[in-house]
Structure formats: structure tokens, C-alpha cells
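Listed below are the residues making up each chain.
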Amino acid sequence: MTETLKLHTENIKSFVTEEEIAHLQPEVDRLHQDLESGQGKGAEFLGWLHLPSQTTPDQLKEIQQSAKWIRENCDAFVSIGIGGSYLGAKAAIDFGSHAFSNQLPPSARGGPEILFAGQNISSDYLHNLLDVLEDKKVCLNVISKSGTTTEPAIAFRLLKQFMEKKYGPDEARKRIFVTTDPEKGALKQLAEEEGYRRFIIPGDVGGRYSVLTPVGLLPIAVGGLDIGEMVAGAVDCEKHTSQHSALDQNSAYRYAAIRNLLYQKGKTIELMAAFHPALQTVVEWWRQLAGESEGKGGQGIFPATAEYTVDLHSLGQWVQEGNRIIFETFLRVAASDHSMKISESPEDRDGLNYLAGRSLDEVNEKAWQGTAQAHLEGGVPNMTLTLQDRSPYALGQLFYFFQRAVALSGYLMGVNPFDQPGVEFYKNNMFRLLNKPGFGKGK
Ligand code: PA5
């Protein structure tokens with residue numbers, strides 16, 4: 001695998017030995033075979049496994065053409081979705097974009113503002129969104145595999161009405177893009193009836209494994225990222241991780257094996273801490289992937305997230321000295337897009353001259369090393385995943401790395417990592433309380 005993603009595991013040695021890791025190898029080999037041959041739990045949702053290498057240039061071109069049209073004809077693009085139909089696109093766009101992208105003048109941004117809806121049930125949020133859209137040229141992409149999820153359905157109903165009022169039905173139709181299941185669902189039917197441009201989520205790819213399908217690729221391309229590069233990174237990781245199951249060669253499996261051993265030793269919380277603000281939504285995407293995949297049947301590591309160094313000034317105290325049921329995974333970028341050095345000050349009133357001439361990346365690296373050492377000494381085993389840079393290629397590798405790792409991790413725990421039966425419970429109660437037909441009545 002091209003070395004853009006590195007896993008550092010030195011700081012788990014006093015908690016998990018190489019012998020214990022090696023002891024898991026036969027089980028990992030067996031589960032790897034289950035994954036590759038489609039014999040394991042949830043095998044009907046393994047479409048993501050070899051999806052990157054099966055993505056054709058024509059498929060990418062089709063997405064890129066629509067993205068180009070949107071970039072040329074809109075100055076606000078609203079991606080409507082929740083869970084796996086939201087987080088991957090937002091993660092990639094936040095990762096690859098200027099930190100204040102929506103505040104930049106359109107000429108500097110080179111494409112529309114990217115906004116999100118359908119990820120909450122808030123009239124204030126939607127009202128404020130409509131305020132922002134009022135004077136803009138708008139396009140919508142509504143994304144829902146089932147086509148029936150309440151949050152995005154409500155947002156889309158309101159935004160569709162806004163578009164039809166603003167543009168009239170014919171122009172609105174050109175500006176609405178739908179990503180949904182190829183066969184079924186209310187959204188598929190609506191898209192057909194209205195004649196919206198439609199993209200497909202393969203039936204055998206579940207929501208949280210769908211970032212490399214049009215679910216993620218269309219908004220990500222609208223955000224200006226090179227989706228060809230991102231898929232190439234994923235292909236690289238797919239090839240490597242499907243060819244090698246050895247825990248000293250396959251770092252996705254090594255990460256999964258170590259977290260499983262830590263879990264067996266009572267470390268039931270994993271705190272994924274991003275050491276770069278561009279990774280903040282990437283760790284949220286990971287949290288959903290891990291949480292929905294593993295948390296079932298009384299099992300599962302609780303996936304928590306943080307952004308360092310900001311959260312070292314809040315959660316840091318708990319991590320250093322709180323309940324010892326936690327391990328950490330640090331996610332960092334070796335080289336920022338822009339290098340910035342600390343300047344010399346003649347008076348040195350702030351006492352920072354000892355840092356003069358050093359880059360912020362270097363200071364951040366020392367913060368990472370200092371934190372990793374301190375938390376280890378405080379009884380928190382930790383690993384680090386380092387991305388070489390903020391390229392779409394590196395992100396594609398990372399997305400696939402986590403998908404592979406979480407799938408194996410679920411299998412190691414004996415659960416189906418591809419379903420989410422627990423999510424239905426709140427929905428059923430909400431539907432009953434709202435008197436939705438077919439869900440019973442009342443309180
Ligand atoms: O991972 C999953 O399957 C879920 O998080 C879904 O992505 C989420 O519930 C949204 O579902 P849908 O795309 O059907 O609207």
C-alpha cells in the first residue's frame with residue numbers, strides 16, 4: 001500500500017502483548033475468509049467490500065458531470081440526509097475544504113456554499129437555512145437509501161416547496177438531485193414521478209458503508225474534491241487489505257485486533273481524538289460507523305470523539321485521571337496544507353520566543369507526542385493513525401481502512417456489523433406518539 005496512512009501501536013505494549021495479538025491470528029484469518037467469501041453475518045450487505053475497485057471511470061464521470069453542472073449553476077448546494085446518508089459527505093468536504101469555505105467569496109471558493117439539512121428535526125435550523133437560501137441560486141441533493149427516513153423526508157418536503165415557489169416546477173426539477181435505492185422506497189417513486197436526476201445506492205451497501213457510492217461522491221465532487229483520487233486511495237487500501245490478513249501486514253486488521261483485546265480487558269470506551277480541525281467530522285463519521293456496527297447484543301466498544309488540543313482543556317482531565325475504562329486512538333495529519341512559523345518578538349512579552357522559527361505543525365506534533373505519553377502514564381493505552389497529508393487519496397484510504405477494520409471488529413465480537421435493528425426502537429415510539437398509521441395510537 002502506498003505509505004500515506006500509518007498505524008503506530010507502541011503505546012499499547014504494556015496492555016496488550018505481541019503474543020496476544022498473534023494468538024488472534026487464526027480467528028482473524030477465518031473471519032477474513034468469511035468476509036471475502038461472503039459467508040459471515042450480514043453477507044447481503046458486503047457490496048462495499050470491493051466497491052472501490054469496481055467503480056468504473058464512466059460512473060465517476062457521470063457524477064463529475066452533474067457536480068460540474070451544480071458548481072456552475074448554483075451558489076448554494078443543500079445536501080439532505082442523515083446518518084450514513086450525511087456524515088461521509090460532510091466528513092470529506094470538511095476534510096478537503098478551506099476551514100471557512102462558506103465565508104469565502106464565491107470566486108475564491110470556486111463552487112457553491114455547501115449546506116446540510118435533514119440531520120435534525122428543528123424548525124429553527126430549517127428556518128435559518130431558508131433565510132440563507134432566499135437570495136441564492138440553489139440546488140438540492142436529497143439522499144436516502146430507504147427513501148422513508150423521517151428527518152430528511154420532512155426537510156425535503158419543505159425545501160422542495162421552497163424550490164418550486166422560487167423557480168417554478170420545471171426549473172426546480174432541474175435543480176433537484178436524488179440519491180436512493182435502485183428498486184424501492186417512496187423517494188425512488190417520487191423521483192420517477194417528478195423526473196429528477198437520480199443516482200443509485202447499490203442495494204447491497206448499507207448507509208454507513210456508502211461514502212464511496214454516489215451518496216458521498218456527488219456532494220463531495222460538488223465540494224470540489226477530486227473523487228477519482230479519493231476512490232484511487234480506497235482501491236489501494238482495498239487491494240492491500242483483501243490480499244493480506246496477517247496482523248503484521250494488514251494495519252486495519254491490526255487496529256481491529258488490538259481494540260478487541262483492549263475491550264476484553266475492560267477498556268470499553270474508545271476515544272478517537274483528531275489532532276487537526278479538518279478531521280473533526282471524519283471522527284464523527286467513524287463514530288457512526290463503529291457505533292451502529294458494533295453496539296448490539298449487549299456488545300460493543302462505546303465510540304467517543306474529541307478534537308485535540310481543544311478538548312485537552314475539557315475532557316483531558318477525565319482522560320488523564322478518570323475511570324480507567326478507556327483507550328484512545330489519535331488521528332492526525334503529518335503535513336498541513338499551509339506551513340506557518342511562529343515569529344520572533346523583540347520584547348518577548350508573551351514568553352514565546354523559545355518557539356520562534358518553529359512551525360505550528362511541529363508544535364502540534366509535540367502536543368500529540370506529549371499527550372500520548374501523558375495518557376499512557378495515566379493508564380490509557382493509545383494508538384495513532386497518521387495521514388501523510390490532506391489529499392483526497394489519503395482520505396479514500398482512511399475511509400476504506402475504517403470500513404474494513406469495523407467489519408472485522410464486529411465479526412470478532414460475534415455481531416452482524418451491517419444491520420442496525422436498535423435504531424428502529426425510537427422511530428416506532430415516535431411514530432406511535434405522532435399517530436402514524438400502522439404504529440398504534442397515543443402515549
Ligand atoms: O448506516 C445506516 O444504515 C444508517 O445510519 C442510515 O444511513 C440512516 O439511518 C439513514 O438512512 P436512509 O439513507 O435510509 O435515509
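This structure is a prediction, so every number in the text was calculated from the model and none was measured.

Criteria and thresholds
Residues numbered from 1 in each chain as written. Predicted model: local features only at pLDDT ≥ 70, side-chain atom pairs only at ≥ 80, totals over all residues. Heavy atoms only, no water. Phe/Tyr/Trp six-rings, centres within 6.5 Å; stacked < 30°, edge-to-face > 60°. Helix = DSSP H or I, 4+ residues; strand = E, 2+ residues; numbered from the N terminus. Buried < 20%, exposed > 50% of the residue type's maximum accessible area, 1.4 Å probe, protein only. Lys NZ or Arg CZ within 6 Å of the ring centre and 35° of its normal. Domains from an automatic or database assignment. Contact = heavy atoms within 4.5 Å. Buried area = accessible area lost by both parts, 1.4 Å probe. Salt bridge = Lys/Arg side-chain N within 4 Å of Asp/Glu carboxyl O. Polar contact = N/O pair within 3.5 Å; in protein donor to acceptor, adjacent residues only side chain to side chain. Nonpolar A, V, L, I, M, F, W, Y, C, P; charged D, E, K, R; others polar. Disulfide = S-S within 2.5 Å.

1. Section: the packing of aromatic side chains
Stage number 1. Counted under the stated rule, the structure contains 17 aromatic pairs.
Stage number 2. Geometrically, the ring pair formed by Phe 156 and Tyr 196 is edge-to-face, given 6.3 Å between the ring centres and 75 degrees between the ring planes. In this pair, Phe 156 is assigned in helix α8 (residues 150–167) and Tyr 196 in the loop between α10 (186–194) and β6 (197–200), connecting sequence segments 40 residues apart. For the pair Phe 156 and Tyr 196, a shared accessibility class is recorded, and that class is buried.
Stage number 3. Ring geometry for Tyr 308 and Phe 330: centres 6.2 Å apart, planes at 45 degrees, overall tilted. Highlighted residues: Tyr 308 in the loop between β8 (302–307) and α15 (315–321) and Phe 330 in strand β9 (residues 326–333), separated in sequence by 22 residues.
Stage number 4. According to the relative accessible area criterion, Tyr 308 is buried, its value standing at 2%.
Stage number 5. The buried category is assigned to Phe 330, whose relative accessible area is 0%.
Stage number 6. Here the aromatic cluster, defined as three or more aromatic residues joined through ring pairs, consists of Trp 48, Tyr 209, Tyr 400, Tyr 411 and Phe 418.
Stage number 7. Residue placement shows Arg 197 over the ring face of Phe 199; its charged tip is 4.4 Å from the ring centre.

2. Section: the domain arrangement of the protein
Stage number 1. Along its sequence, the protein is carved into domain 1 (5–40 + 230–413) and domain 2 (51–225).
Stage number 2. Placing the centre of domain 1 and that of domain 2 at their C-alpha centroids yields a distance of 29 Å.
Stage number 3. Contacts between the two partners involve 27 residues from domain 1 and, on the opposite side, 23 residues from domain 2.
Stage number 4. Roughly 2,100 Å² of surface becomes buried between domain 1 and domain 2 when both sides are summed, with 68% attributable to carbon and sulfur atoms.
Stage number 5. For the pair domain 1 and domain 2, the interface holds one salt bridge.
Stage number 6. A salt bridge links Glu 292 to Arg 208; its shortest N-O distance comes to 3.2 Å.
Stage number 7. On inspection of domain 1 and its partner domain 2, the count reaches eight residue pairs in polar contact (both at pLDDT 80 or more).
Stage number 8. Where the side of domain 1 that touches domain 2 is concerned, the elements lending two or more residues are α12 (227–243), α14 (280–294) and α17 (392–413).
Stage number 9. For the side of domain 1 that touches domain 2, the element with the highest residue contribution is α14, accounting for eight residues.
Stage number 10. Tallied by class, the residues present in the side of domain 1 that touches domain 2 amount to 16 nonpolar, five polar and six charged.

3. Here's the deal with the state of the cysteines
Stage number 1. Following the criterion strictly, the structure yields one disulfide and no others.
Stage number 2. For Cys 74, the disulfide goes to Cys 139, at an S-S distance of 2.1 Å. With Cys 74 in the loop between α4 (57–73) and β2 (76–80) and Cys 139 in strand β4 (residues 138–144), this pair connects stretches of sequence that are 65 residues apart.
Stage number 3. For Cys 74, a relative accessible area of 5% puts it in the buried group.

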